[in-house]
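# Architecture at a glance
Residue-level listing of the chains:
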Amino acid sequence: MELTYQNGFEATSLAESRAKPRFLLGNVYYYFKTKDEIGEAIVELRLAKLSAQRQRWNEAGSPKDRLCACVQGVFENKDCLAQLGCQVGTFCSELHKAGGPVATRATEIFAQHPGLDRKPVSGTRKGERLQRPCVHLLSAMQGVSVLAHTFHDSGLVARETKRLKSWIQSL
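This part is about unusual backbone geometry. A positive phi angle is found at H152, which is not glycine, with a value near 50 degrees. With respect to the helices and strands, the residue H152 is situated in the loop between α9 (131-151) and α10 (154-170).

Next up, the structure:
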């Protein structure tokens, strides 16, 4: 997963990964017969990480606080975003250019973000859905990730996340 983040999924070869300590190439070939199987494993790992993040966000209290916690995670990752871009955004974008079942499965990573899972967010008025504002929020976070990476400027992320938190509180 680390190598695909640094180099891109298609550009990463198993031969490169041998340089990593404690990495046994034979084990990879034993568990993964194709590159698509590796892609599926990365999708599963990213979904598990997002699930753990969502649990932490849910501890934040109100729906607004949970969304602000999500934005705070982007802020905390600003230096990495400026250097390499968004792990999830670049991975999903690259997979979708190639197409196939792994790309379709990767769509679930974004679909699991708060308010996008088509389930009412607990604590909202009469089961109101937050889908439209959450699409805007996710679009803004992905957009600033692309810009920060393009300009190698983590300050863009800092300014945008501050603005997004204010916007969320105004909802």
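Picking up after the structure, the text goes on.
With 85% of its residues at a pLDDT of at least 70, the protein reaches an overall mean of 85. For residues 118-122, every residue scores under 50 in pLDDT, and the model assigns this stretch 12 contacts once sequence neighbours within four places are set aside.

Next up on the list: the nonpolar core. The biggest cluster of nonpolar side chains holds 34 residues, and the ones touching the most others in it are V43, F91, L95, I109, L137 and M141. When residues of this core are traced back to their parent elements, those giving at least two are α4 (35-58), α5 (63-76), α6 (78-84), α7 (87-98), α8 (101-111), α9 and α10. If you tally residues by element for this core, the top one is α9, at seven residues.

Evaluation of the coordinates by the stated rule reveals five salt bridges. Salt-bridge contacts for R163 lead to E160; the nearest nitrogen and oxygen are separated by 2.5 Å. One end of the pair is R163 and the other is E160, both in helix α10 and three residues apart, which spans about a single turn. Under the relative-accessibility criterion, R163 is labelled partly exposed at 40%.

For the structure shown, the criterion picks out two aromatic pairs. Ring centres of F9 and F91 lie 5.9 Å apart, and the angle between their planes is 85 degrees; on these two criteria the pair is classed as edge-to-face. Taken together, the residues span a long stretch of sequence, with F9 in the loop between α1 (2-7) and α2 (14-17) and F91 in helix α7 at a distance of 82 residues. With a relative accessible area of 3%, F9 lands in the buried category. The class for F91 is buried, based on a relative accessible area of 4%. Both rings, one in Y30 and one in Y31, keep their centres 4.9 Å apart while their planes meet at 90 degrees; by these two values the pair is edge-to-face. Y31 sits in the exposed class, given a relative accessible area of 58%. Its end group placed over the ring of F9, K35 keeps NZ or CZ at 5.1 Å from the ring centre.

Turning to α5, a few remarks are in order. With 14 residues, α5 extends 20 Å from end C-alpha to end C-alpha; this agrees with the ideal 20 Å at 1.5 Å per step. Buried within α5 are the following residues: P63, R66, L67, C68, C70, V71 and V74.

The interhelical angle for the contact between α7 and α8, taken along N-to-C directions, is 155 degrees, at an axis separation of 9 Å. On the basis of the axis angle, α7 is roughly antiparallel to α8. Here the hand of the crossing between α7 and α8 comes out left-handed. Residues V88, G89, F91, C92, L95 and H96 of α7 lie in contact with α8, whose contacting residues are V102, A103, T104, A106, T107, I109 and F110. Its residues assigned to classes, the contact of α7 with α8 comprises nine nonpolar, four polar and no charged.

So, on to the environment of L50. Turning to its location among the elements, L50 is positioned in helix α4. On a C-alpha basis, the gap between L50 and I109 in space is 7.6 Å, while along the polypeptide they are 59 residues apart. Excluding residues that lie within four positions of it along the chain, L50 makes contacts with W57, I109, Q112 and H113.

Rules used in this analysis
- Residues numbered from 1 in each chain as written.
- Predicted model: local features only at pLDDT ≥ 70, side-chain atom pairs only at ≥ 80, totals over all residues.
- Heavy atoms only, no water.
- Helix = DSSP H or I, 4+ residues; strand = E, 2+ residues; numbered from the N terminus.
- pLDDT = per-residue confidence, 0-100.
- Contact = heavy atoms within 4.5 Å.
- Core = buried A, V, L, I, M, F, W, Y, C linked by side-chain atoms within 4.5 Å.
- Buried < 20%, exposed > 50% of the residue type's maximum accessible area, 1.4 Å probe, protein only.
- Salt bridge = Lys/Arg side-chain N within 4 Å of Asp/Glu carboxyl O.
- Phe/Tyr/Trp six-rings, centres within 6.5 Å; stacked < 30°, edge-to-face > 60°.
- Lys NZ or Arg CZ within 6 Å of the ring centre and 35° of its normal.
- Expected span 1.5 Å × (residues − 1).
- Axes fitted to C-alpha atoms, helices over the stretch in contact; angles between N-to-C directions.
- Parallel < 35°, antiparallel > 145°, perpendicular 65-115°, else oblique.
- Left-handed = near helix turned anticlockwise from the far one by under 90°.
- Nonpolar A, V, L, I, M, F, W, Y, C, P; charged D, E, K, R; others polar.

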